[in-house]
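# Structural overview for review
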Amino acid sequence: RRYMEIMSKLQAWFISISGAVGAFIVQLFGGWTTDLQTLLTFMAIDFAMGLIIAAVFKKSPKTESGTLSSAACFKGLCKKGVMLLFVLIGYRLDMSLKVDYIRSAVIIGFIANELISIVEKSGIMGIPLPEIVKKSIELLKNKGDTNAH
């Protein structure tokens, strides 16, 4: 019984600290907005598809053998981390310059890049691309160009 009370308190502390750290990180990136959620979702999908291509299809362009590589995985995660740093930089520039479009333009550009990567990986898997996705990519590219000006 005493053990359960201690575990319950530890769990509550862990959840509280995790929530506070998560809120702080989200605040650094300018808030939990739809565009940031979309970028993170596309990053996760792209990473998962890369793992599937390497582990299941054995067709990864990242290794000679086409198979799973921890070095390639780590490199991919590092790239995604740097992309998120650019989102943070975009938000800080927005705040410094008293504008509100740089972060969004950075995110939209990265969303387009992730979507293109997802489409390429779908092609490696042999999945045909729906026309609406092609049109969405063009719309994202155009929106990113418009926000950059």
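Notes on the structure follow.

### Some thoughts on the nonpolar core
Counting residues in each nonpolar core, the largest one holds 20 residues, and the members touching the most others are Leu39, Val87, Ile107, Ile111 and Leu140. Those elements that place two or more of their residues in this core are helix H2 (34–57), helix H3 (70–97), helix H4 (102–125) and helix H5 (131–147). Look past the residues within four positions of Leu140 in its chain and what remains in contact with it is Ile108, Ile111, Ala112 and Leu115.

### Focus on the state of the cysteines
Taken as a whole and assessed by the stated rule, the structure comprises 0 disulfides. In this structure Cys73 is not part of a disulfide, and its nearest cysteine sulfur, from Cys78, lies 11 Å away. Look at Cys78 and you get partly exposed, because its relative accessible area is 36%.

### Structural notes on the environment of Asp94
With respect to the element layout, Asp94 can be found in helix H3. Under the relative-accessibility criterion, Asp94 is labelled buried at 6%. A sequence separation of 55 residues divides Asp94 from Leu39, and the C-alpha atoms of the two residues are 19 Å apart. For Asp94, the residues in contact, after removing those within four places along its chain, are Val99, Asp100, Tyr101, Ile102 and Arg103. Side-chain polar atoms of Asp94 contact the backbone nitrogen of Tyr101, separated by 3.4 Å.

### Brief notes about the environment of Lys79
Note that Lys79 resides in helix H3. Between the C-alpha atom of Lys79 and that of Lys9, which follows or precedes it by 70 residues, the distance is 38 Å.

### What about a nonpolar patch on the surface?
There is a patch of nonpolar side chains on the surface, built from Val82, Leu85, Phe86, Ile89, Leu93 and Leu97 and spanning about 530 Å² of accessible area. The residue Leu97 is located in helix H3 in this model. Take Leu97: its relative accessible area is 54%, and that puts it in the exposed class.

### Looking at helix H1 (residues 2–28)
In this model H1 runs 39 Å from its N-terminal to its C-terminal C-alpha over 27 residues, within 8% of the 39 Å that 1.5 Å per residue would give. Gly30 sits one or two residues past H1 and shows a positive phi near 90°.

### Brief notes about H2
If you check H2, its first and last C-alpha atoms are 32 Å apart, about what 24 residues at 1.5 Å a residue would give, namely 34 Å. Trailing H2 by a residue or two, Lys58 shows a phi angle of about 55°, which is positive.

### Focus: the environment of Val106
Here Val106 lies in helix H4. Every residue in contact with Val106, bar those within four places of it in the chain, is listed here: Phe86 and Val87.

### Focus on the side chain of Ser122
Position of Ser122 relative to the elements: it lies in helix H4. When neighbours within four sequence positions are excluded, Ser122 is seen to be in contact with Met49 and Ile127.

Parameters and conventions
- For every chain, the first residue of its written sequence is number 1, and the numbers climb from 1 along that sequence.
- Only residues with pLDDT of at least 70 are given local features in this predicted model, and only at 80 or more are side-chain atom pairs given and counted; all residues enter the totals for whole chains, interfaces and linings.
- The side-chain values count all of the structure's non-hydrogen atoms but skip hydrogen atoms and water molecules.
- To define a nonpolar core, start from buried Ala, Val, Leu, Ile, Met, Phe, Trp, Tyr and Cys residues and group those joined through side-chain atoms within 4.5 Å.
- Only protein chains enter the calculation, and the probe is 1.4 Å; a residue is then buried if its accessible area is under 20% of its type maximum, exposed if over 50%, and partly exposed in between.
- Working definition: helices are DSSP H or I runs of at least four residues, strands are E runs of at least two. Numbering for both runs from the N terminus.
- Only heavy atoms enter the contact rule, under which two residues are in contact if any of them lie within 4.5 Å.
- When the sulfur atoms of two cysteines come within 2.5 Å, that pair is taken as a disulfide.
- Nitrogen and oxygen atoms within 3.5 Å of one another constitute a polar contact, given that in protein one can donate a hydrogen and the other can accept it, and given that sequence-neighbouring residues count only through two side-chain atoms.
- Exposure above 30% relative accessible area and the absence of a salt bridge qualify a residue for a patch, where like charges join within 9 Å and nonpolar side chains (Val, Leu, Ile, Met, Phe, Trp, Tyr) within 5 Å.
- Only the protein chains shown count as cover for residues, with accessible areas throughout obtained via the Shrake-Rupley method and a probe of 1.4 Å.
- Salt bridge criterion: a side-chain nitrogen from Lys or Arg within 4 Å of a carboxyl oxygen from Asp or Glu.
- Take the residue count of a helix, subtract one, and multiply by 1.5 Å to get its expected span.

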